[in-house]
Amino acid sequence: MSVLTLPAQPGQDTAPRPLPWRRMAWVTWRQQRATLISVPAVLGAVAVFLVIFGLKVHHDYAAIVKCPLVGSVQNESGACQQLFSRFNATDWPLGNTCAILMALAPVLIGAFAGGPLLARELETGTYRYAWTQGLGRERQVIAKLALVGITLAVVTGAFGELFAWFFQPFLYTEELNVLTDTVFSARGLVFPAFTLVAFAIGAFFGMLLRRIVPAMAATLGVYLAVRLAAWGVRKYYPVAVVTSNSKIFSQFQTPSLPGFPWILTTWVTGPGGKPASPSVANRILNGPGPSPGASVPAGYTEWNRWIPLSHYWPMQFIEAGWLLVIAVALFAATVSLVRRRAA
Amino acid sequence: MNVIETRELGKRYGKTWALRDCTLALPAGHLAALVGPNGAGKSTLMNMVVGLTVPTEGTAAVLDGQPAGSPAALNGVAFVAQDAPVYKNLSSADMLHLTANLNQRFDRSFAKARLADLGIPLKKKAGKLSGGQQAQLALTLALARKPRLLILDEPLASLDPIARQDFLSAVLTAMADDGVSVLLSSHQVAELERVADYLIVLSRAQLQVAGEVDDLLACHRVLTGPAAEAQEYATRLTVVQTRRGETQAHLLARTSGPADPVPPGWESHPVSLEELVMAYLRSPGVSEPTAFARVQRATSKEATR
């Protein structure tokens with residue numbers, strides 16, 4: 001009896017060798033093919049559209065730039081004003097729609113890629129096949145999260161850069177800037193970071209709830225909370241500067257960073273550095289005058305706490321950083337759930 | 001060597017125990033039948049043995065003390081879950097390639113030859129195969145891993161009689177060719193009577209009895225005698241089930257064997273496997289399975305020596 005049950009090669013079972021990552025990558029590719037093809041395909045199709053439409057936007061914008069004093073009184077009836085109106089009437093609505101879609105993209109990608117990642121295995125019962133194979137469930141799940149996560153981050157990172165190029169003219173014409181919420185979170189490092197967080201939320205709730213549709217619904221809700229939190233805390237990032245009012249305008253309308261910096265608070269001090277009385281402060285802050293700063297009487301100074309547009313990258317790093325921490329924590333929680341409560 | 005060893009194994013879902021206090025030692029080389037009604041804890045036991053479910057209490061080990069779910073255990077144990085789950089959108093060939101990539105050991109040529117023998121097309125999606133073909137595909141993938149222990153959860157439930165025959169003969173062939181030990185669960189006893197040589201009975205989340213079929217049949221007897229004396233006689237034996245007529249009583253009892261002396265006025269008959277299983281299922285908790293399993297383990301060890 002014992003002779004029969006000996007394995008073919010006795011040494012083989014005592015120390016199992018780890019399976020190579022390349023094989024795990026193939027397994028993940030085979031199981032997540034739909035996600036790994038459809039997300040880049042859809043984004044690729046939209047990218048083609050963005051390039052074509054973006055070339056038109058940039059062309060239209062170049063014509064406007066040639067005009068002196070865009071939107072000023074002197075040009076109201078001129079050809080330049082017509083160009084500008086047409087730009088606002090034809091290019092901007094579509095550009096605005098694209099900006100809104102960019103705000104929705106991370107959560108849509110995250111819910112559709114992350115929600116079913118583990119929930120489908122649990123819903124259809126195939127986890128009982130997959131997680132009893134020699135590879136073991138933890139490494140399979142880690143390989144899945146890593147491969148799909150990295151793919152999504154790379155693809156959305158590239159897409160965010162394309163959107164940044166596409167949207168640049170609107171920053172000049174629509175009085176937006178790179179720190180405006182819809183712009184800031186749709187480009188740079190923050191856009192892929194949001195996508196990764198949404199994906200991590202989807203995967204985590206898929207494992208927790210074990211059902212695809214509830215997991216996707218939970219992803220929408222929790223992602224919205226994260227997104228609102230990001231919008232809320234952004235102004236507290238330690239990148240703001242405090243200067244007298246006139247310094248701000250030296251940054252105004254630099255060609256590479258269009259738009260007005262983000263002014264958080266404004267106050268006025270009188271002679272000797274004491275805070276001005278509210279009535280004086282009001283008069284100064286709401287006072288007339290074509291060039292700001294000139295309206296401030298002698299001895300009084302207008303102060304601002306503001307974020308220069310040049311601090312865009314530090315802000316991107318801070319926001320992408322904490323989003324990444326959340327995503328990694330959710331991935332770890334997912335793997336821990338897989339380890340502890342498979343069935 | 002024991003292919004499965006559990007010690008006071010238990011799993012609780014909420015307030016309900018799906019399985020409790022299960023101490024079991026299954027020696028190698030058997031086709032063991034795990035029988036019990038639905039909800040008796042068969043799947044729970046199997047899931048804990050293959051490492052899918054983490055026990056609430058106790059321990060489960062396979063293949064000579066490898067903790068359930070450990071890399072060595074996963075490597076040597078193949079599991080075909082209830083309804084033989086396969087990725088429905090993958091073709092048989094892809095399932096084969098997938099399983100090969102998920103395991104260190106996989107005999108591709110064996111798997112391909114077996115699927116060809118069975119007439120299962122490699123190009124067809126697994127979801128489009130018949131229930132019997134899906135079960136055979138899942139079994140083929142499990143066997144091609146060359147496991148030392150094969151665990152099959154209700155493999156026959158969804159199959160028609162011919163497919164059942166084919167499935168069981170495939171399992172028996174693998175046992176003969178590769179020396180694989182098999183644990184197979186079912187709620188149909190009659191079908192297993194011909195093939196199983198080890199029996200494990202679960203009922204109401206408790207292990208009722210476990211042992212080699214021949215031993216169990218040898219030491220269980222139906223004792224028929226005057227109903228009036230039944231009560232007195234029963235106190236001296238472990239009675240699994242009592243059926244009383246007006247004058248006669250039938251006791252299904254555990255004895256030390258067919259040679260066990262019978263009091264005057266009583267007759268001793270052998271039991272069939274189905275009778276035995278039914279008796280344990282009808283009156284759960286009558287036995288002390290733990291103690292009995294230990295005795296069994298001791299005797300089987302002696303036998304191997």
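Because the structure is a prediction, the values reported are computed rather than measured. (Residues numbered from 1 in each chain as written. Chains lettered and ligands numbered in written order. Predicted model: local features only at pLDDT ≥ 70, side-chain atom pairs only at ≥ 80, totals over all residues.)

A. Quick peek at the overall build of chain B. For chain B, the count of helices and strands is 10 helices and 14 strands. Each principal axis of the C-alpha distribution contributes one length, and for chain B these read about 70 × 45 × 40 Å. For chain B, with 305 residues in total, the buried portion stands at 47%. In chain B, once contacts between residues fewer than 6 apart in sequence are set aside, the share between residues at least 24 apart is 71%. (Helix = DSSP H or I, 4+ residues; strand = E, 2+ residues; numbered from the N terminus. Buried ≥ 20, exposed ≤ 12 C-beta atoms within 10 Å, placed from the backbone. Contact = placed C-beta atoms within 7 Å.)

B. Broad picture of the pairing of strand E13 (residues 248-254) of chain B. Residue and element names in this part refer to chain B. Pairing of strand E11 (residues 220-226) with E13, which is carried by seven bridges, proceeds in the antiparallel orientation. If you follow valine 222 over to E13, its bridge partner there is leucine 252. Relative to E13, strand E12 (residues 238-244) runs antiparallel, the two being bridged by six bridges. What sits directly across from glutamine 241, in E13, is leucine 252. Hairpin connection from E12 to E13: three residues lie between these consecutive antiparallel strands. (Pairing = 2+ DSSP bridges.)

C. Looking closely at unusual backbone geometry. Not every positive phi belongs to a glycine, and Arg210(A) is a case in point at roughly 65°. Locating Arg210(A) in the fold gives a position in the loop between helix H8 (190-209) and helix H9 (212-233). The partly exposed category is assigned to Arg210(A), around which 18 C-beta atoms lie within 10 Å. Positive phi outside glycine occurs at Leu63(B), with the angle close to 45°. Note on placement: Leu63(B) falls in the loop between strand E4 (57-62) and strand E5 (66-67). Here Leu63(B) falls in the buried class, since 25 other C-beta atoms lie within 10 Å of it.

D. Representation of helix H6 (residues 161-178) of chain B in the model. Residues and elements named next belong to chain B. Between its first and last C-alpha atoms H6 spans 26 Å; for 18 residues at 1.5 Å apiece the expected length is 26 Å, and the two agree. Taken together, the buried positions of H6 are occupied by Phe167, Leu168, Val171, Ala174 and Met175. Projection of H6 onto a plane perpendicular to its axis shows the buried side chains occupying an angular sector of 115°, all on one side. When the buried face of H6 is taken as reference, the exposed residues oriented beyond 90 degrees from it are Ile162, Ser169, Thr173, Ala176 and Asp177. One or two positions beyond H6, positive phi appears at glycine 179, with a value near 65°. (Expected span 1.5 Å × (residues − 1). Arc of directions from axis to C-beta.)

E. Seen up close, the environment of Leu159(B). Residue and element names in this part refer to chain B. Take leucine 159: it is sitting in the loop between strand E7 (149-152) and H6. When the C-alpha positions of leucine 159 and threonine 173 are compared, they lie 19 Å apart, and in sequence the two are 14 residues distant. The contacts of leucine 159, once residues within four sequence positions are left out, are Gly131, Gly132, Ala135, Arg164 and Phe167.

F. Structural view of the packing of helix H5 (residues 131-144) of chain B against H6(B). Residue and element names in this part refer to chain B. The contact between H5 and H6 brings their axes to 10 Å, and the two run at 5°. For the element pair H5 / H6, the angle class is roughly parallel. Between H5, through Gly132, Ala135, Gln136, Leu139 and Leu143, and H6, the contact on the second element is made entirely by Ala163, Phe167, Ala170 and Ala174. For the contact of H5 with H6, the residue count by class is seven nonpolar, two polar and no charged. (Axes fitted to C-alpha atoms, helices over the stretch in contact; angles between N-to-C directions. Parallel < 35°, antiparallel > 145°, perpendicular 65-115°, else oblique. Nonpolar A, V, L, I, M, F, W, Y, C, P; charged D, E, K, R; others polar.)

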